[in-house]
Amino acid sequence: MIVRIFQVTVRPGKEAEFSEFFHETAIPLMKNTQGIVEVLPGAPRSETPREFSFVMVWRSLDALKAFVGEDYNSPHIDPAEAELVESRTIKHYDLVE
């Protein structure tokens, strides 16, 4: 299984707008995506008020590629979030059981 950690830093002043997108669109989408075993969404804390994240466990690399395409090292961007986000990072790991 593949662990995918996706982190987003929101543009200043766009926190509330992104939070709405995150809770109403992104979380339900990821929780209902075929090939995902588990989704752990992370909302901002007071010391990092513009940072959101997802930790996802994918069944396999093939399942991940079926969702994001062959270039799975690039963050998958929903058009609704494009103008709200300052930066994105993505990392992948093999799950240790």
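Everything that follows concerns the structure shown earlier in this document.
Note that the structure is a prediction, hence the values are computed from the model and not measured.

A. The sheet that holds strand E3 (residues 51-58), seen in detail. The four strands lie next to each other as E2-E3-E1-E4, forming an open sheet whose pairing is antiparallel. Edge strands, defined here as strands with exactly one partner in the open sheet, are strand E2 (36-42) and strand E4 (85-94). On average, each strand axis in the sheet is tilted by 15° relative to the strand beside it, whichever way the strands run. Two elements, strand E1 (residues 2-10) and E3, share eight bridges in a ladder whose sense is antiparallel. What sits directly across from Ile2, in E3, is Trp58. Across the face of the sheet, helix H1 (residues 15-31) comes into contact with E1, E2, E3 and E4 while running at roughly 5° to E3. Its contacts with the sheet put helix H2 (residues 61-68) on E1, E3 and E4, and the angle it makes with E1 is roughly 35°.

B. Region of interest: the environment of Phe18. As for its position among the elements, Phe18 is in helix H1. Along the chain, Phe18 and Glu83 lie 65 residues apart, while their C-alpha atoms are 9.7 Å from each other. Apart from residues no more than four positions distant in its own chain, Phe18 is found in contact with Val8, Val10, Phe52, Glu81, Leu84 and Val85.

C. Layout of the layout of surface pockets. Here the largest pocket defines a volume of roughly 150 Å³. Forming the walls of the largest pocket are 14 residues, and the residues nearest its centre are Gln7, Val8, Glu51, Phe52 and Ser53. Of all the elements in the fold, those that place two or more residues in the lining of the largest pocket are E1, E3 and E4. Of the residues that constitute the lining of the largest pocket, the class distribution is four nonpolar, seven polar and three charged.

D. The nonpolar core, seen in detail. With 22 residues, the main nonpolar core has Phe18, Phe22, Met30, Phe54, Met56 and Trp58 as its most contacted residues. Secondary structure elements with two or more residues in this core: E1, H1, E2, E3, H2 and E4. By residue number, the principal contributor to this core is H1, which donates six residues.

The rules behind the values
- Within every chain, residues take consecutive numbers counted from 1 along the sequence as written.
- Totals for whole chains, interfaces and linings use every residue, but because this is a predicted model, local features are given only for residues with pLDDT of at least 70 and side-chain atom pairs only at 80 or more, for both listing and counting.
- Calculated side-chain values reflect all of the structure's heavy atoms, with hydrogen atoms and water omitted.
- When DSSP finds two or more bridges between two strands, those strands count as paired.
- Runs of H or I in DSSP of at least four residues are treated as helices and runs of E of at least two as strands, each being numbered from the N terminus.
- The axes used here are C-alpha line fits, helices contributing only the stretch in contact, and every angle between their N-to-C directions lies in the interval 0 to 180 degrees.
- The contact rule is simple, with two residues in contact once any of their heavy atoms fall within 4.5 Å.
- Both site types are read off a 1 Å grid over the protein atoms alone. A 1.4 Å probe that fits but cannot get out defines a cavity, while an open set with protein on both sides within 12 Å along at least five of seven lines defines a pocket; lining residues have an atom within 4 Å of a point.
- Grid points are joined across faces, edges and corners, and a volume is the space filled by probe spheres set on the points.
- Residue classes follow a fixed rule: Ala, Val, Leu, Ile, Met, Phe, Trp, Tyr, Cys and Pro count as nonpolar, while Asp, Glu, Lys and Arg count as charged, and any other residue, Gly among them, counts as polar.
- The nonpolar core is taken to be a set of buried Ala, Val, Leu, Ile, Met, Phe, Trp, Tyr and Cys residues, with the residues joined through side-chain atoms within 4.5 Å.
- When a residue's accessible area, from a 1.4 Å probe over protein chains only, is under 20% of the maximum for its type it is buried; when over 50% it is exposed; and in between it is partly exposed.

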